[in-house]
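# Architecture at a glance
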Amino acid sequence: MGIFSDLSKFGLDELQNVEVYEEKKTEKAQASKTPVKVLEEKDFLYEKEYTCVVCDQKFTNLSVRNNKLRLVKQDQDLRPRYEVIDPLKYDVVSCPHCGYSAISKCYNALAGVQRKMLKEKIGANFQNSTYMEDTITYDEAVLRHKLALACSIVKQGKNSERAYTCLKLGWMLESLMEDIPDNNWKHVKYSKEVEECMQNAYDGFKLAFSSEEFPICGMNEHTMTLLIAQLGRRLGDDENAKRMAGMLITNRNVPDRIKELARDLKSQIDEESK
Ligand SMILES: [Zn+2]
């Protein structure tokens, strides 16, 4: 019996079961018929076309539709975390013909001498490689980042490019380790590689900071100061980490968000050294 049962008194028996919001009910019924699609990693990807800046051949790489990404948080070392997908896995552009690879931000035109060095030292020995799946695993991402790092060294790329590639390789290795038990030999091996990457990233960013013009790898001076400070803390160089965090805290031009992270870092170091 609904609220309209009394209407029978008026001879309106037919209205007894009428819904107050008929339309809403219909919408709800339709909505429940069409299941909401749960987004998967491959839904964020597409094949982007490139022409290799070393061998001039055309190729495609899986690339991420950035407009679909939703940032969840940023780790202390500024690594961004997104819903559903880790787009960082796809951040190396890699030619399957000659092997030339670079972090997408650093995939630019090259000088003739750089092309020559890459052809001789990478292309001459490189075996064609193509990924067969519609997504990239952390294993593959690690290899692509290692190839990009080797190319950045062979072409004598900027310190910032080498440092940035090391940082991202370190992040990929950390993700790869997440599912491996601590006592497994692979865990121990990757753990050493991560430390090596982070140390190289730290050294390279410090060199770049004093010798290159900003923005460096898309970072302004404040963001990079914070990143160097965070890496310093991680690697036990507390003195430098505190000095750089202090520079941010006392600079009136630094945005509040960065200042806050610098204050957190400083108090964390003070806390740890107690
Ligand atoms: Zn190529």
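Scroll up a little and you will see the structure.
Nothing here was measured: the structure is a model prediction, and the numbers come from that model. (Residues numbered from 1 in each chain as written. Predicted model: local features only at pLDDT ≥ 70, side-chain atom pairs only at ≥ 80, totals over all residues. Heavy atoms only, no water.)

### Here we look at helix α2 (residues 112-123)
For α2, the set of buried residues is Gln-114, Met-117, Leu-118 and Ile-122. Taken end-on, α2 shows its buried residues confined to a sector of 100°, consistent with a single buried face. Among the exposed residues of α2, those pointing more than 90 degrees away from its buried face are Gly-112, Val-113 and Lys-116. Looking at the buried residues of α2, the elements they touch are α3 (138-154). (Buried < 20%, exposed > 50% of the residue type's maximum accessible area, 1.4 Å probe, protein only. Helix = DSSP H or I, 4+ residues; strand = E, 2+ residues; numbered from the N terminus. Arc of directions from axis to C-beta. Contact = heavy atoms within 4.5 Å.)

### A closer look at the packing of helix α6 (residues 221-234) against helix α7 (residues 238-250)
The contact between α6 and α7 brings their axes to 7 Å, and the two run at 155°. It follows that α6 is roughly antiparallel to α7 by the angle criterion. Between α6 and α7 the crossing geometry is left-handed. Side by side, α6 and α7 meet where His-222, Thr-225, Leu-226, Ile-228, Ala-229, Gly-232 and Arg-233 of the first sit next to Asp-238, Asn-240, Ala-241, Met-244, Ala-245, Met-247 and Leu-248 of the second. In terms of residue class, the contact of α6 with α7 is built from 8 nonpolar, 4 polar and 2 charged. (Axes fitted to C-alpha atoms, helices over the stretch in contact; angles between N-to-C directions. Parallel < 35°, antiparallel > 145°, perpendicular 65-115°, else oblique. Left-handed = near helix turned anticlockwise from the far one by under 90°. Nonpolar A, V, L, I, M, F, W, Y, C, P; charged D, E, K, R; others polar.)

### A closer look at unusual backbone geometry
Across the junction of Phe-214 and Pro-215, the peptide omega takes the value 0°, indicating a cis bond. Secondary-structure assignment places Pro-215 in the loop between α5 (185-211) and α6. Unusually for a residue other than glycine, Gln-156 sits at a positive phi of about 55°. As for its position among the elements, Gln-156 is in the loop between α3 and α4 (159-177). Residue classification places Gln-156 among the exposed residues on the basis of a relative accessible area of 57%.

### So, the coordination of the zinc ion
Six octahedral donors around a metal ideally sit at 90 or 180 degrees from one another, while four tetrahedral donors ideally sit at 109.5 degrees. At 2.3 Å from the zinc ion lie its protein donor atoms, namely Cys-52 (SG), Cys-55 (SG), Cys-95 (SG) and Cys-98 (SG). Note that the zinc ion binds 4 donor atoms; their angles at the metal cover 104 to 115°, and the shape is tetrahedral. All donors of the zinc ion come from a single chain, and their spacing in sequence reads C-x2-C-x39-C-x2-C. In this pair, the class of Cys-95 matches that of Cys-98, namely buried. (Donors = N, O, S within 2.8 Å, 3.2 Å for Na, K, Ca; no water. Tetrahedral: all angles 85-135°; square planar, octahedral: opposite > 155°, others 65-115°.)

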